[in-house]
Amino acid sequence: QVQLVESGGGLVQAGVSLRLSCTTSGLTFSTYAIGWFCHAPGKENRFVAAIDWTGSSTYSRDSVKDRFTISRDSAKNTVYLQMSNLRPEDKAVYYCAARRSGDDGYNYWGRGTQVTVYS
């Protein structure tokens, strides 16, 4: 059974950093790209960042690329989203998703972790 479990969210003050983790199991980690998405109340899901199955290519939404960094640790089957200089508008539930190499869409999703930023 494939599982993606997000962790690391919390209630933080603006300006601080958080590191989100997406720990996977039940899949061949080295053959999946991993993406992070966020969902804020009243808004649609938005792409945040992604990393390819080799770890050599990363992609980020323009509005976060100078503050958020995505990385992966193959030894731990885990992908991280390092979020720096958090802003109140970053408040959302953050989800990770896995996309099998060669597929167009994401095959598996986690349940999300809440990030709340207060000023």
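Residues numbered from 1 in each chain as written. Predicted model: local features only at pLDDT ≥ 70, side-chain atom pairs only at ≥ 80, totals over all residues. Heavy atoms only, no water.

**Student:** Tell me what's going on with the state of the cysteines, and back it up with residues and numbers.
**Tutor:** By the definition in use, this model includes one disulfide. The disulfide partner of Cys 22 is Cys 96, and the gap between their sulfur atoms is 2.1 Å. Note on the Cys 22 and Cys 96 pair: the S-S dihedral is about 70°, so by sign convention the disulfide is right-handed. Here Cys 96 lies in strand 9 (residues 92-100) and Cys 22 lies in strand 3 (residues 18-25), a separation of 74 residues in the sequence. Note on accessibility: Cys 22 and Cys 96 belong to one class, buried. Looking at Cys 38, it has no disulfide partner, and the nearest cysteine sulfur is the one in Cys 96, 13 Å off. Judged by its relative accessible area of 5%, Cys 38 is buried. (Disulfide = S-S within 2.5 Å. Helix = DSSP H or I, 4+ residues; strand = E, 2+ residues; numbered from the N terminus. Buried < 20%, exposed > 50% of the residue type's maximum accessible area, 1.4 Å probe, protein only.)

Without other data, these values stay purely geometric and don't point to any function.
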